[in-house]
Amino acid sequence: MQSSAAQPSASTELGELTVSVWRGAADGRLESFRVPHRTSQTVLDVVTWIQRHLDPTLTYRFACRVGMCGSCAMMVNGAPRWTCRTHVSRVAKDGHLELRPLRNLPVVKDLAADMTEFFDKWRDAYGRFSPTPTADGDFHRVDPESAERKAASAGIECIGCAVCYAACDVVSWNPDYLGPAALNRAWTLINDVRDADRSGHLAAVADDAGCHACHSQGSCTKHCPNGLNPSMAITGLKKSVLGALLRGDL
Amino acid sequence: MSTLSRVAASRNHPAYWAFLVHRLSGLGLALFLPLHLLVLGLAVERASLDGFLSWTDRPLVKLAETGLVVLLAVHLTGGLRVLALEFLPWSDAQKTRIAIAFGVALAVGLLFLLLAV
Ligand code: SF4
Ligand code: SF4
Ligand code: FES
């Protein structure tokens, strides 16, 4: 048997990481830091270590640290990721990490992106539930096995992290494009039998900046950390919009 | 990290390649089809029909025409893939569909080359 000293413990050091971190606003630059590499270390751990030990002015955002809140997303070696659940050992290239704020959003400072337009687009996509007045009526009967409920359930676990938004080239090309997360939200509402304004939801996503702008590149689906499929939701919207047009409902 | 690896980091997956190939073959067609028609027109004008036919026998011309047929096949099958993606029920076998589109396009191009030689 090996002695326990040879077993890696939670804080075993695996060497050193060089970490390039974006500093400043849009006209900023990369700054390099050396950070001890440990087992089970997440990218968020690395950022926190820099802030606690090397530079307390480093700005970034996080809250839950367990993949629930959607606030910690950044570009890690070029790809958008939730940093609290991304292990360094999976993404570091030759001991190197490059961290930048999320793409397709203005930078506030360092690793914090301005999420305003991302959430404004949820509003523009009419991403709000429209209740049916049922106080005096019967409850809605929702069949969990119906195709509609399955489509809605497939999309409701979105944490609003904007990883998909940062991955999407159409968002970069067309600043008005509502983007994968807002359209995915609209798709869940259109499939929700309790919603009172499903044709209103369709109308909100039917124009140039809506579902038809998507080129089905699928980068949103590829990167969504929660395994959602906005790309599929958007093809669903395209079909529904066309169907509504043919029926004269739009 | 290099600009190229940064650009590739979020785009290196089949659906993105399919998009890229479809876009590039479309651009290629837009560029080369007019050229192809122009050259054909000039060749027919200048030479007798026999001369023209022997001109189309040249390897370089054949290669260029094959390229054009491949572009056409790639763009056509890519377009069919997009139609399938948007109008058929979603299938988790999107990668298979992409592969089929590429395979069919390649087969058409090779068949043309075979018949031309
Ligand atoms: S599938 Fe559409 S929304 Fe998703 S990344 Fe591609 S273009 Fe953007
Ligand atoms: S769809 Fe996925 S990637 Fe996009 S915001 Fe929601 S959880 Fe994040
Ligand atoms: S900190 Fe909440 S999702 Fe990462």
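Since the model is a prediction, treat every value here as computed from it, not as a measurement. (Residues numbered from 1 in each chain as written. Chains lettered and ligands numbered in written order. Predicted model: local features only at pLDDT ≥ 70, side-chain atom pairs only at ≥ 80, totals over all residues. Heavy atoms only, no water.)

With that settled, consider the overall build of chain B. Per the secondary structure count, chain B includes five helices and zero strands. Taken from N to C terminus, the helices and strands of chain B fall in the order α-α-α-α-α. When the 117 residues of chain B are sorted by exposure, 28% land in the buried category. If you take every contact in chain B between residues at least 6 apart in sequence, the share linking residues at least 24 apart comes to 73%. With an accessible surface of roughly 7500 Å², chain B has 76% of that area assigned to carbon and sulfur atoms. (Helix = DSSP H or I, 4+ residues; strand = E, 2+ residues; numbered from the N terminus. Buried < 20%, exposed > 50% of the residue type's maximum accessible area, 1.4 Å probe, protein only. Contact = heavy atoms within 4.5 Å. Areas by Shrake-Rupley, 256 points an atom, 1.4 Å probe, with all protein chains shown as cover.)

This part is about the site of ligand 1. If you check the shell around ligand 1, you find 13 residues, and the closest are Cys168(A), Tyr177(A), Cys214(A), Gly218(A) and Cys220(A). For the shell around ligand 1, the secondary-structure elements that each account for two or more residues are helix H9 (219–223) and helix H10 (230–247) of chain A. (Near = heavy atom within 4 Å.)

Here the focus is the nonpolar core. All names here are of chain A. Of all hydrophobic cores here, the largest spans 61 residues; its most connected members are Val19 and Tyr177. The residue makeup of this core includes at least three contributed by each of domain 1 (13–113) and domain 2 (116–247). For Val19, the residues in contact, after removing those within four places along its chain, are Glu31, Ser32, Phe33, Val35, Val46, Ile50, Leu97 and Leu99. (Core = buried A, V, L, I, M, F, W, Y, C linked by side-chain atoms within 4.5 Å. Domains from an automatic or database assignment.)

Glancing now at the interface of chain A and chain B. Each partner contributes to the interface: chain A provides 24 residues, whereas chain B provides 17 residues. Interface of chain A and chain B: buried area, both sides summed, is about 1800 Å²; carbon and sulfur atoms make up 55% of it. Where chain A packs against chain B, one counts three salt bridges. Put simply, Arg6(B) and Glu98(A) hold a salt bridge, and the shortest N to O gap is 2.8 Å. The tally of links from chain A across to chain B stands at eight residue pairs in polar contact (both at pLDDT 80 or more). Of all the secondary structure elements, the ones that give two or more residues to the side of chain A that touches chain B are strand E4 (79–82), strand E5 (96–100), helix H6 (169–173), H9 and H10 of chain A. Tallying contributions element by element places H10(A) first for the side of chain A that touches chain B, with six residues. By residue class, the composition of the side of chain A that touches chain B is five nonpolar, 11 polar and eight charged. (Buried area = accessible area lost by both parts, 1.4 Å probe. Salt bridge = Lys/Arg side-chain N within 4 Å of Asp/Glu carboxyl O. Polar contact = N/O pair within 3.5 Å; in protein donor to acceptor, adjacent residues only side chain to side chain. Nonpolar A, V, L, I, M, F, W, Y, C, P; charged D, E, K, R; others polar.)

Along its 18 residues, H10(A) runs 25 Å from first to last C-alpha, staying within 8% of the 26 Å computed at 1.5 Å per residue. When H10(A) is considered as a whole, its buried residues turn out to be Pro230(A), Ser231(A), Ala233(A), Ile234(A), Thr235(A), Gly236(A), Leu237(A), Lys238(A), Val241(A), Gly243(A) and Ala244(A). Contact partners of the buried residues in H10(A): helix H7 (180–190), helix H8 (198–204) and H9 of chain A together with helix H4 (59–87) of chain B. Looking one or two residues past H10(A), Gly248(A) carries a phi angle of roughly 80°, positive in sign. (Expected span 1.5 Å × (residues − 1).)

A few words now on the packing of aromatic side chains. Residue and element names in this part refer to chain A. What the rule picks out here adds up to seven aromatic pairs over all chains. Measuring from ring centre to ring centre gives 6.0 Å for Phe118 and Trp122, while their planes differ by 65°; the resulting arrangement is edge-to-face. Placement of both Phe118 and Trp122 in helix H3 (residues 116–124) is noted, with a separation of four residues, approximately one turn of the helix. Here Phe118 falls in the buried class, since its relative accessible area comes to 1%. Residue classification places Trp122 among the buried residues on the basis of a relative accessible area of 18%. Pairwise contacts between aromatic rings join Phe118, Phe119, Trp122 and Tyr165 into one cluster. (Phe/Tyr/Trp six-rings, centres within 6.5 Å; stacked < 30°, edge-to-face > 60°.)

Once that is clear, we can look at the packing of H7(A) against H10(A). All names here are of chain A. In contact at an axis separation of 9 Å, H7 and H10 are set at 60° when each is read in the N-to-C sense. With respect to H10, the axis of H7 lies oblique. Regarding H7 and H10, the two cross each other, and that crossing is left-handed. In contact with Pro180, Leu183, Asn184, Trp187 and Ile190 of H7, H10 contributes Pro230, Ala233, Ile234, Gly236, Leu237 and Ser240. Across the contact of H7 with H10, the residue classes break down as eight nonpolar, three polar and no charged. (Axes fitted to C-alpha atoms, helices over the stretch in contact; angles between N-to-C directions. Parallel < 35°, antiparallel > 145°, perpendicular 65-115°, else oblique. Left-handed = near helix turned anticlockwise from the far one by under 90°.)

The next subject is the UniProt feature "transmembrane region" (unreviewed entry) in chain B. All names here are of chain B. Under the UniProt annotation, the feature "transmembrane region" (unreviewed entry) is placed at residues 20–43, 63–84 and 96–116. Taken end to end, residues 20–43 has its terminal C-alpha atoms 34 Å apart, with 100% of it in helix and 0% in strand. With 100% helix and 0% strand, residues 63–84 has end C-alpha atoms that lie 31 Å from one another. (UniProt positions renumbered as here; feature names shortened; annotations may be inferred.)

Another point: the domain arrangement of chain A. Residues and elements named next belong to chain A. Its domain assignment divides chain A into domain 1 (13–113) and domain 2 (116–247). If you average the C-alpha positions of domain 1 and of domain 2, the two centres end up 30 Å apart. Of the residues lining the interface, 15 residues belong to domain 1; the matching set on domain 2 comes to 17 residues. Between domain 1 and domain 2, roughly 1200 Å² of surface is buried when both sides are summed, and carbon and sulfur atoms account for 60% of that area.

The topology assignment puts Ser5(B) in helix H1 (residues 3–9). A distance of 2.9 Å separates a polar atom in the side chain of Ser5(B) from a polar atom in the side chain of Ser2(B).

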